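# Geometric and topological summary
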Amino acid sequence: MNKNVLVAVAWPYANSDIHVGNITGSYLPADVFARYHRLAGNNVLMVSGSDAHGTPVTVAADAQGVAPIQVYQRYHAGFLELFQKLGLTYDLFTSTHTQNHFKVSQAIFQALRHNGFLYSESETQWFAPAQGRFLPDRYVEGTCYICGFENARGDQCDNCGSLLDARQIIDPRSKIDGTTPELRETEHFYLDLGALEPAIVEFLQVRESYWRPNVLRQSLGQILANGLHGRAITRDLDWGIPVPVENWQGKCLYVWFEAVIGYLSAAIEWAQLSKDSQAWENWWLNSESLTYYFIGKDNIPFHAVIWPAQLIGAGEWFGRLFFDRPGTRLTLPYDVPANEFLNLEGQKISGSRNWAIWGLDFLSRFDPDPLRYYLIANMPESKDTDWDWDDFVRRNNDELVATWGNLANRVLAFAYKNWQGQVPDPGELRSTDMEILQTVEAGFTSVGDYLQAVRLRMALLEALRLAGEVNKYLDQAAPWFEVKTNKEGAAKTIFTALKAVDSLKVLFSPFLPFSSQHLHATLGYSQSLFGEQYTESVVDDLGEHTVLRYKAAPSNDQWHPSQLQPGQTISQPAPLFRKLEPEVADQERQRLSQG
Ligand SMILES: [Zn+2]
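Below is a short write-up of the structure. Per chain, the residues get numbers from 1 upward, laid out in the order the sequence is written. A pLDDT threshold of at least 70 governs which residues receive local features in this predicted model, and a stricter bar of 80 or more applies before side-chain atom pairs are shown or counted, although totals over entire chains, interfaces and linings include all residues. Each side-chain value is worked out from all heavy atoms of the structure, with water and hydrogens disregarded.

In this analysis a donor is any N, O or S atom within 2.8 Å of a metal ion (3.2 Å for sodium, potassium and calcium), and since water is not included, sites may seem incomplete. The zinc ion binds to the protein through C144 (SG), C147 (SG), C157 (SG) and C160 (SG), with metal-donor distances spanning 2.3 Å. Every angle between 85 and 135 degrees makes a four-donor site tetrahedral, while opposite donors more than 155 degrees apart, with all other angles between 65 and 115, make a four-donor site square planar and a six-donor site octahedral; other sites are irregular. What the four donor atoms of the zinc ion show is an angle range of 106 to 114 degrees at the metal, which sorts the shape as tetrahedral. In the primary sequence, the donor residues of the zinc ion line up as C-x2-C-x9-C-x2-C. Taken together, the residues span a long stretch of sequence, with C144 in the loop between strand 6 (140-143) and strand 7 (152-153) and C160 in the loop between strand 7 and strand 8 (170-174) at a distance of 16 residues. Judged by relative accessible area, C160 falls into the partly exposed class, the value being 32%. Helix and strand definitions here come from DSSP, where helices need a minimum of 4 consecutive H or I residues and strands a minimum of 2 consecutive E residues; each element is numbered from the N-terminal end. Burial classes follow relative accessibility: with a 1.4 Å probe on protein chains only, a residue under 20% of its type's maximum area counts as buried, one over 50% as exposed, and anything between as partly exposed.

Put into structure tokens, the structure is as follows:
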């Protein structure tokens, strides 16, 4: 039976370009997962957008001397370009700076307030006398009061990963001018996490058997050790979503509170753009739907604790306030398969130090599939991993080119040359032919099981192992010699190998969509394996924003073994991948160290 699968992808902050660590942390695994589920015939909705608000954007705007909206729009445009070049198939990639997102976020706030899970309190906050304004947490840096790290941000420590209370930071300094701020009184709304704790613990315990250990450690483990406490969800800031309460001018919803609501608001916007304004309910008001959140490890508490708390706390009042549907409840996260970090040549990736491989820059010199291949084969699913340029060249040449690309190419080239561009008629297959086909066909279960469990590395390795088995079969059957003495036997071998390659193409396609589609066309299929990406401009009261969308493939049920028939016309093949010279690794390392 078809399942409804929501693929919720981390919202990139619109204050920086995207590097390979961001890509492998959340965006790429989400796309592989979405592509697989679409091929398997499930109803997929993959959504995200640019995180346009909050101090990460205002800090960048201040530094560049421009308005926050210009910063957001510039990076947003870059994201759209990268995601198309890399083939990240968002059904909707929008932004938090939309009228729809404002409305949905304010409705969640109102629902929480109605249900008694918000309270307001005066608190002290860092105030910069020089600028005459309160400093958001991100504008304050200092020493972490938990681990002693000297460059902790006000809201979070990058060293120990703890969420911090900015007021307790030791030796605080303003990020704007380095001056020492002072504590002053201001009033804010708090999310009453303490009152929601029993429900959150229950929510997590139900998922304990299948969540990743690193995610459980930072959610259930933290709660059982320290408990949950109220958390301020408004800020003294004018760039963002106004607090929907009278006499609260000049204050905004905290960017983390509203950005996670984007998973819901983007689904609603997608439904509106798709001319079926209720379609989002198939994922969001459906207890059978499966919702997956693809994020990096630095965002675990927000997705595994705070976002579920917002959804539980809003309860059925979101349905009452936002649209006339009392008695409905929003779907809670099914899984949060957060990844660890990817390092670069043994060091932590740092955008500000330019120790990074930037997505668009990489794609100006290399094809997208080799990048996707390396990042999945090396994905930090259970521990930090490292991007090593020698390893990149080696895996490209030994695995992608030698094991898979050459297999497809030599089988197709041989068939094209010896059977006049047609799939040969094999007559009766031999037992060795049947065996290799069964081996490959079993991959639809084994690779599919790994993909469903979000074990993408293992899934890719399994597909590569099967390609290796087909290589062995071919080496033993040696049709290149067989064709001279026994063309009928060679026809059986090549028919079998073409069928195996046709199946492997599907098994590889969630990982390597560009080369798989190329191979699909060479094998004579006229319809595409996948749909098409396109951009669209949307106008609302806040202005205009460009979104990335996806038009589904003609057939949504392709995760099954090849049904290739004798006589099908095939084209002259071209190599699927390029072999790289070993010098490439040195050149790229040099480029990196020059910054
Ligand atoms: Zn720390």
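In this structure, W284, F318, W387 and W404 are the most contacted members of the largest nonpolar core, which totals 188 residues. Apart from the residues within four sequence positions on either side, W404 is in contact with E399, A467, V501, L504, K505, F508, L512, L519, L576 and F577. The term nonpolar core refers to a set of buried residues drawn from Ala, Val, Leu, Ile, Met, Phe, Trp, Tyr and Cys, joined through side-chain atoms within 4.5 Å. Grouped together as the second largest cluster of nonpolar side chains are six residues, W126, L135, Y139 and A166 included. Residues are treated as being in contact if the distance between any of their heavy atoms lies within 4.5 Å.

Next up on the list: the sheet that holds strand 10 (residues 231-232). What holds strands together in a sheet is hydrogen bonding between their backbones, with the strands either parallel or antiparallel. In spatial order, the strands read 5-4-9-10; together these four strands make up an open sheet with antiparallel pairing. The strands lining the two open edges of the sheet, one partner per strand, are strand 5 (133-134) and strand 10. Only strands that DSSP links by at least two bridges are regarded as paired with each other.

With that settled, consider the sheet that holds strand 14 (residues 342-344). Sheet architecture is open: three strands sit in the order 15-14-16, paired in mixed fashion. With partners counted over all chains shown, the strands left at the sheet margins are strand 15 (347-348) and strand 16 (385-387), one partner each. As paired elements, strand 14 and strand 16 share three bridges and run parallel to each other. Residue pairing across strands places N343 opposite D386, the latter belonging to strand 16.

A word on the packing of aromatic side chains. Any pair of Phe, Tyr and Trp rings, taking the six-membered ring for Trp, is counted once the centres come within 6.5 Å. Such a pair is stacked with planes under 30 degrees apart, edge-to-face with planes over 60 apart, and tilted for the rest. According to the stated counting rule, one finds 40 aromatic pairs in the structure shown. Judged by centre distance (5.1 Å) and plane angle (75 degrees), the ring pair of F127 and F134 falls under edge-to-face. Through a chain of ring-to-ring contacts, three or more aromatic side chains come together here, namely F362, F366, Y374, W387, W389 and F392. Positioned above the aromatic ring of W248 is the side chain of K251, whose terminal nitrogen or guanidinium carbon lies 5.6 Å from the ring centre. The ring of W317 carries R320 above its face, with NZ or CZ at 5.2 Å from the centroid. Note on criteria: charge over ring means Lys NZ or Arg CZ within 6 Å of the ring centre, with the direction from the centre no more than 35 degrees off the ring normal.

We now examine the packing of helix 15 (residues 431-452) against helix 16 (residues 456-477). A fitted line through C-alpha atoms represents every axis, and for helices the fit uses only the stretch in contact; the resulting angles, taken between N-to-C directions, go from 0 to 180 degrees. At a minimum axis distance of 8 Å, the contact between helix 15 and helix 16 shows a crossing angle of 175 degrees. Viewed along their axes, helix 15 and helix 16 adopt a mutual orientation that is roughly antiparallel. Note on element contacts: helix 16 touches helix 15 through L456, M458, A459, E462, A463, L466, E469, V470 and Y473, opposite T432, D433, I436, T439, V440, G443, S446, V447, Y450 and L451. Gly is put with the polar residues, along with every residue not named as nonpolar or charged; the nonpolar set is Ala, Val, Leu, Ile, Met, Phe, Trp, Tyr, Cys and Pro, and the charged set is Asp, Glu, Lys and Arg. Counted by class, the contact of helix 15 with helix 16 contains twelve nonpolar, four polar and three charged residues. Note on terminology: angles under 35 degrees are roughly parallel, angles over 145 are roughly antiparallel, angles of 65 to 115 are roughly perpendicular, and the others are oblique.

Interhelical geometry of helix 5 (residues 193-206) versus helix 6 (residues 213-226) gives an angle of 135 degrees and a closest axis separation of 10 Å. Relative to helix 6, the element helix 5 lies oblique. Where helix 5 crosses over helix 6, the two elements pack in a sense that is left-handed. Along the contact surface, helix 5 presents E197, I200, V201, L204 and Q205, while helix 6 presents S219, L220 and I223. Its residues assigned to classes, the contact of helix 5 with helix 6 shows five nonpolar, two polar and one charged. Each crossing is labelled by how the near helix is turned from the far one, with a counterclockwise turn of less than a right angle marking it left-handed and a clockwise turn marking it right-handed.

On to the pairing of strand 18 (residues 543-551), then. For strand 3 (residues 92-95) and strand 18, the ladder comprises two bridges, and the chain directions are antiparallel. Residue F93 lies in a different strand from strand 18, and its bridge partner there is L548. Bridge count for strand 17 (residues 532-540) against strand 18 is nine bridges, and the pairing is antiparallel. Within the sheet, the bridge partner assigned to Y534 lies in strand 18 and is R549. Two successive antiparallel strands, strand 17 and strand 18, enclose a turn made up of two residues.

This part takes up the environment of I170. Within the element layout of this structure, I170 appears in strand 8. Take I170: its relative accessible area is 39%, and that puts it in the partly exposed class. Along the sequence, I170 and F149 sit 21 residues apart, while their C-alpha atoms lie 10.0 Å from each other. In contact with I170, other than residues within four places in its own chain, are G142, T143, C144 and Y145.

Before going further, it helps to examine the pattern of salt bridges. Two side chains with opposite charge may pair up if their charged atoms get near one another. Salt bridge criterion: a side-chain nitrogen from Lys or Arg within 4 Å of a carboxyl oxygen from Asp or Glu. Applying the stated criterion across every chain, the model contains 36 salt bridges. For E182, the salt bridge goes to R184, with nearest N and O atoms at 3.2 Å. Residue E182 is classed as partly exposed on the basis of its relative accessible area of 35%. By relative accessible area, R184 is classed as partly exposed at 36%. Of the charged contacts, one joins E281 and R325 as a salt bridge, the two residues approaching to 2.7 Å between their closest N and O atoms. With E281 in helix 9 (residues 281-284) and R325 in the loop between helix 11 (317-322) and strand 14, this pair connects stretches of sequence that are 44 residues apart. Residue classification places E281 among the buried residues on the basis of a relative accessible area of 11%. When salt bridges with common partners are traced through the structure, they connect R138, R153, D155 and D158 into a single cluster.

Our next topic: the layout of surface pockets. Taken as a whole, the second largest pocket spans an internal volume of roughly 410 Å³. Here a cavity denotes grid points, spaced 1 Å and computed from the protein atoms alone, that fit a 1.4 Å probe unable to get out, and a pocket denotes an open set having protein on both sides within 12 Å along at least 5 of 7 lines; residues with an atom within 4 Å of a point are the lining. Surrounding the second largest pocket, 19 residues form its lining, R212, E381, A453, V454 and R455 being those nearest its centre. Residue assignment for the lining of the second largest pocket shows that the elements contributing at least two residues are helix 6 and helix 16. Classifying every residue of the lining of the second largest pocket by side-chain character gives nine nonpolar, four polar and six charged. Grid points are joined across faces, edges and corners, and a volume is the space filled by probe spheres set on the points.

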